[in-house]
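Topology and contacts: notes
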Amino acid sequence: YCIFIGCKPMIMLSSIKKMILVAILVTAYAVVNAQIEERESADWKVIGRLKFGGLTKAKMEYTVAGNDTTYLLFIKDVRDQPKDNYFGITFKSVDGTYEKLYTLLKSFFLPENKKDRKYSRTFNLGKTGVHVQHYQLITGRGIMFSTTEGHTYWSSKDIDKLFGKD
């Protein structure tokens, strides 16, 4: 039964289905299109870099956008792999995160923590889970900095250099 005079129910139903389909497609296109948003490339400035044999072992960079500073810690994974594997951790300058990270990493070399083999720290840096523990390097004491993406080893001097404090 058609509520409009002279209309055919099948034609009316078909038109409604087409309008609904078009509305769904337009909405889906808008959602998919919104997930890719081009931005201007950031102007990253290097704070510190660790090199070994010509390869970058780790690098700390930052960029400023308005009142917000974003840091990028770029690390070469030391595990044996068929090719070099790098991973990055980004974090914001909220509540002095940069200085807190430096202090936390250097705390492994303080006299009260240096010989405590059980001393370790687990925390989130940005959105990345990190675990740091003591690690004996060939050249002396160091730390192992680990995430699910990989890990690396740093000495106290490496940390100073990475954070631009050498």
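Residues numbered from 1 in each chain as written. Predicted model: local features only at pLDDT ≥ 70, side-chain atom pairs only at ≥ 80, totals over all residues. Heavy atoms only, no water.

Turning to the nonpolar core, a few remarks are in order. Ranked by internal contacts, the top residues of the largest apolar core, which has 26 residues, are Leu73, Leu105, Phe145, Trp154 and Phe163. Elements represented by at least two residues in this core include exactly strand 2 (55-65), strand 3 (68-76), strand 4 (86-92), helix 2 (97-106), strand 5 (120-125), strand 6 (128-137), strand 7 (140-147) and helix 4 (156-162). Element by element, the count of residues in this core is highest for helix 2, at 4 residues. Ignoring sequence-local partners within four residues, the contact set of Phe163 consists of Ile47, Met60, Tyr98, Leu101, Tyr102 and Leu105. (Core = buried A, V, L, I, M, F, W, Y, C linked by side-chain atoms within 4.5 Å. Buried < 20%, exposed > 50% of the residue type's maximum accessible area, 1.4 Å probe, protein only. Helix = DSSP H or I, 4+ residues; strand = E, 2+ residues; numbered from the N terminus. Contact = heavy atoms within 4.5 Å.)

Take the pattern of salt bridges next. Applying the stated criterion across every chain, the model contains 7 salt bridges. A salt bridge links Lys45 to Asp43; the shortest N-O distance between them is 3.0 Å. With relative accessibility at 37%, the residue Lys45 sits in the partly exposed group. A salt bridge links Lys165 to Glu99, with the shortest nitrogen-to-oxygen separation between them at 3.0 Å. Separated by 66 residues along the polypeptide, Lys165 in the segment after helix 4 and Glu99 in helix 2 bring together distant segments of the chain. Its relative accessible area of 36% is what places Lys165 among the partly exposed residues. We classify Glu99 as partly exposed; its relative accessible area is 38%. (Salt bridge = Lys/Arg side-chain N within 4 Å of Asp/Glu carboxyl O.)

Before going further, it helps to spend a moment on the side chain of Thr152. Mapped onto the elements, Thr152 comes out in strand 8 (residues 150-154). Among the residues examined, Thr152 registers a relative accessible area of 0% and is labelled buried. When residues no more than four places from it in sequence are discounted, the contact partners of Thr152 are Lys57, Ile75, Lys76, Val78, Ile143, Met144 and Phe145.

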